[in-house]
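# Observations on chain architecture
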Amino acid sequence: MAGWEGKETDTDRGIVISDNWPGYPLDLFTYPEHYSEDLDCVYIPHGVIMDRIERLARNIMEDLGDHDIVVLCVLKGGYQFCADLVDCIKVLSRNSSKTLPMRVDFIRLKSYLNDQSTPDLHIEGAENLSVLSGKNVLIVEAIVDTGKTMKTLLDHVEAFRPKMIKVAGLLVKRVPSGTGYLPNYVGFEISNRFVVGYALDYNEYFRDLNHICVISDTGKQKYKI
């Protein structure tokens, strides 16, 4: 597929989508009509997302199978990824010799204003993280861009002395100011474009979009705060 670079020797980066990938025309897919002028393209179709999540679930099962884990879902953008990933792991647990007992907890991070990341990171739900002490933790995050937010979260979680921490990130964005941080499990590496859908939002809009799409300039202006 033009613009997609599956690299067998660099699987830690997931499926690498090149900078010149234009995405798919919107009229090839179904999506909510109220967003018809707000999107440039379908960047990653829902079916591709689901297939990739199934592969990540298999990788996680191979690495962590037969260990109890606490899945720490990063809200709000990560809720759909987390739900689908947990569902895939549950199916694998029912149909393989390995099992992966899970409990799920939630934390909310907020660091964006419109389409710009800000230096202020707000963590909600942090007061409940004492349950992570001595546990195997899988942090599930929808998107990692500069890596600074994830580093701050990891430092915070490590303060509760978990036994192990792994991170699953659906998207890793290539940005000039990035730290080079890579989650343990990566769905897709993408270019520095502002994407929405599959629970990723722009000022709370577009969470009801199944595909991951690139927001248009019209959409940014319409929903700007």
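Refer to the preceding data block for the structure.
Residues numbered from 1 in each chain as written. Predicted model: local features only at pLDDT ≥ 70, side-chain atom pairs only at ≥ 80, totals over all residues. Heavy atoms only, no water.

Moving on to the packing of aromatic side chains. Counted by the stated rule, this structure contains seven aromatic pairs. Their ring planes at 85 degrees and their centres at 5.7 Å tell us that Phe 194 and Tyr 202 sit as a pair that is edge-to-face. Side by side, Phe 194 and Tyr 202 carry an identical accessibility label, which is buried. A centroid spacing of 5.4 Å and a plane angle of 85 degrees characterise the contact between Phe 206 and Tyr 223, whose relative ring orientation is edge-to-face. Of this pair, Phe 206 sits in the loop between strand 10 (195-196) and strand 11 (212-215) while Tyr 223 sits in the segment after helix 4 (217-222), and the two are 17 residues apart along the sequence. A relative accessible area of 0% means that Phe 206 is categorised as buried. On the basis of relative accessibility, which here comes to 11%, the residue Tyr 223 falls in the buried class. Ring pairing ties together the aromatic residues Tyr 35, Tyr 205, Phe 206 and Tyr 223, which thus form one cluster. (Phe/Tyr/Trp six-rings, centres within 6.5 Å; stacked < 30°, edge-to-face > 60°. Buried < 20%, exposed > 50% of the residue type's maximum accessible area, 1.4 Å probe, protein only. Helix = DSSP H or I, 4+ residues; strand = E, 2+ residues; numbered from the N terminus.)

On to the side chain of Thr 146. Among the structural elements, Thr 146 can be located in the loop between strand 7 (136-144) and helix 3 (148-158). A polar contact is formed between the side chain of Thr 146 and the backbone nitrogen of Lys 148, at a distance of 3.2 Å. Filtering out sequence-adjacent residues up to four positions away, Thr 146 remains in contact with Val 175, Ser 177, Gly 178 and Thr 179. (Polar contact = N/O pair within 3.5 Å; in protein donor to acceptor, adjacent residues only side chain to side chain. Contact = heavy atoms within 4.5 Å.)

On to the pattern of salt bridges, then. Close approach of charged atoms allows side chains with opposite charge to pair. Taken as a whole, this structure holds 13 salt bridges when the rule is applied. Asp 87 is the partner of Lys 90 in a salt bridge, and the nearest nitrogen-oxygen pair spans 3.5 Å. On the criterion of helical spacing, the pair formed by Lys 90 and Asp 87 is a turn pair, its members being three residues apart in helix 2 (residues 79-94). Across the pair Glu 189 and Arg 174 runs a salt bridge whose closest N-O atoms are separated by 2.9 Å. Of this pair, Glu 189 sits in strand 9 (residues 185-190) while Arg 174 sits in the loop between strand 8 (164-173) and strand 9; the two residues are 15 residues apart in sequence, bridging distant segments of the chain. The class for Arg 174 is partly exposed, based on a relative accessible area of 25%. Counted as one network, the salt bridges with shared partners bring together Lys 76, Arg 108, Asp 201, Glu 204 and Arg 207. (Salt bridge = Lys/Arg side-chain N within 4 Å of Asp/Glu carboxyl O.)

Where helix 1 (residues 46-64) meets helix 2, the closest approach of the two axes is 9 Å, and the angle between their N-to-C directions is 55 degrees. Between helix 1 and helix 2, the crossing angle belongs to the class labelled oblique. The crossing of helix 1 and helix 2 is right-handed. On helix 2, the residues that touch Met 50, Ile 53, Glu 54, Leu 56, Ala 57, Arg 58, Ile 60 and Met 61 of helix 1 are Phe 81, Asp 84, Leu 85, Cys 88, Ile 89, Leu 92 and Ser 93. (Axes fitted to C-alpha atoms, helices over the stretch in contact; angles between N-to-C directions. Parallel < 35°, antiparallel > 145°, perpendicular 65-115°, else oblique. Left-handed = near helix turned anticlockwise from the far one by under 90°.)

Turning our attention to the sheet that holds strand 11. Strand order in this open sheet of three strands is 3-11-10, and the pairing throughout is antiparallel. Bordering the open sheet on either side are strand 3 (39-44) and strand 10, each of which pairs with just one other strand. (Pairing = 2+ DSSP bridges.)

These figures come from the coordinates and say nothing about function on their own.
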